[in-house]
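Spelled out, the chains give:
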Amino acid sequence: MERERMCISCRQMKDKKSLVRIVKNKEGDIRIDLTGKQNGRGAYICKDNDCFNKLKKQKLLNKAFKQNIDEEIYKQLEEVLFGPR
């Protein structure tokens, strides 16, 4: 049985492979983890435009990782989810 994770935006449980993982390592660096295997605290987001817009508008990554997240991370995530716009 495949592992499920919860999208931090829509709060729905989905197959881990259908989500994108964002990870905070011990040093406090925030990275987009395309492998799903980097060490650190992870948060998951759907590949859905509405979920991304809510994530960005409500700054859900700031809440998930309890720190201020640079706008560049949101831009990188948007490119990973939807390609260059």
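Quick note: structure is the one above.
Parameters at a glance
- Residue numbers restart at each chain and count upward from 1, following the sequence in its written direction.
- pLDDT decides what is reported in this predicted model: residues at 70 or higher carry local features, side-chain atom pairs at 80 or more are listed and counted, and totals for whole chains, interfaces and linings draw on all residues regardless.
- To obtain the side-chain values, all non-hydrogen atoms of the structure were included, while hydrogens and water were left out.
- Axis angles are defined between N-to-C directions and span 0 to 180 degrees, where every axis is a line fitted to C-alpha atoms and, for a helix, only to the segment in contact.
- Elements are defined by DSSP. Helices are runs of H or I of four residues or more, strands are runs of E of two residues or more, and each kind is numbered from the N terminus.
- If an angle is under 35 degrees, it is roughly parallel; if it is over 145, roughly antiparallel; if it lies from 65 to 115, roughly perpendicular; otherwise it is oblique.
- Working rule for contacts: check all heavy atoms of both residues, and any pair within 4.5 Å makes them a contact.
- Three categories are distinguished: nonpolar for Ala, Val, Leu, Ile, Met, Phe, Trp, Tyr, Cys and Pro, charged for Asp, Glu, Lys and Arg, and polar for the others, with Gly belonging to the last.
- Ring pairs shown here join Phe, Tyr and Trp side chains whose ring centres sit within 6.5 Å, with only the six-membered ring taken for Trp; geometry is labelled stacked below 30 degrees between planes, edge-to-face above 60, and tilted in between.
- Buriedness for pockets is judged along seven lines, at least five of which must meet protein on both sides within 12 Å for an open set on the 1 Å grid over protein atoms alone, while cavities are sets there where a 1.4 Å probe fits but cannot get out, and lining residues have an atom within 4 Å of a point.
- Grid points are joined across faces, edges and corners, and a volume is the space filled by probe spheres set on the points.
- Buried means the residue's accessible area, taken with a 1.4 Å probe over protein chains only, is under 20% of the maximum for its type, while exposed means over 50%, and partly exposed covers the values in between.
- Following DSSP output, two strands are said to pair if at least two bridges run between them.
- The salt bridge definition used is simple: a Lys or Arg side-chain nitrogen within 4 Å of an Asp or Glu carboxyl oxygen.

(A) Structural detail: the packing of helix 1 (residues 49-57) against helix 3 (residues 71-82). Relative orientation of the contacting elements helix 1 and helix 3 amounts to 180°, with a least axis distance of 11 Å. In terms of orientation, helix 1 lies roughly antiparallel with respect to helix 3. Residues N49, F52, L55 and K56 of helix 1 form the contact with helix 3, whose own contacting residues are E71, Y74, L77, E78, L81 and F82. Split into classes, the residues belonging to the contact of helix 1 with helix 3 amount to six nonpolar, one polar and three charged.

(B) Summary view of the packing of aromatic side chains. Summed over the entire model, instances satisfying the criterion amount to one aromatic pair. For the ring pair F52 and F82, a centre distance of 5.9 Å and an interplane angle of 75° mean the geometry is edge-to-face. Here F52 is found in helix 1, whereas its partner F82 is found in helix 3, with 30 residues between them in sequence.

(C) Fine view of the layout of surface pockets. Size it by volume and the largest pocket reaches roughly 200 Å³. In this structure, the largest pocket is lined by E2, K16, K17, L19, V20, R21, D33, L34, T35, G36, Y44 and K47. A per-element tally of the lining of the largest pocket places strand 3 (residues 19-24) first, with three residues. Class assignment for the residues of the lining of the largest pocket results in four nonpolar, two polar and six charged.

(D) Region of the structure containing the pairing of strand 3. Judged by how many residues are buried, strand 3 sits mostly within the fold: five of six residues are covered. Looking at chain direction, strand 3 and strand 4 (residues 30-33) are connected through four bridges and run antiparallel. Bridging from a neighbouring strand, R21 pairs with D33 of strand 4. Following strand 3, the chain reverses through five residues before pairing antiparallel with strand 4; G28 in that reversal takes a positive phi of roughly 90°.

(E) Highlighting the pattern of salt bridges. Throughout the structure, instances matching the rule amount to two salt bridges. The partner of R21 in a salt bridge is D33, and the shortest N-O contact between them spans 2.6 Å. With a gap of twelve residues between them, R21 in strand 3 and D33 in strand 4 connect regions that are remote in the sequence. No difference in accessibility class separates R21 from D33, as the two residues are buried. When the shortest N-O distance is used, the salt bridge between K56 and E71 registers 3.7 Å.

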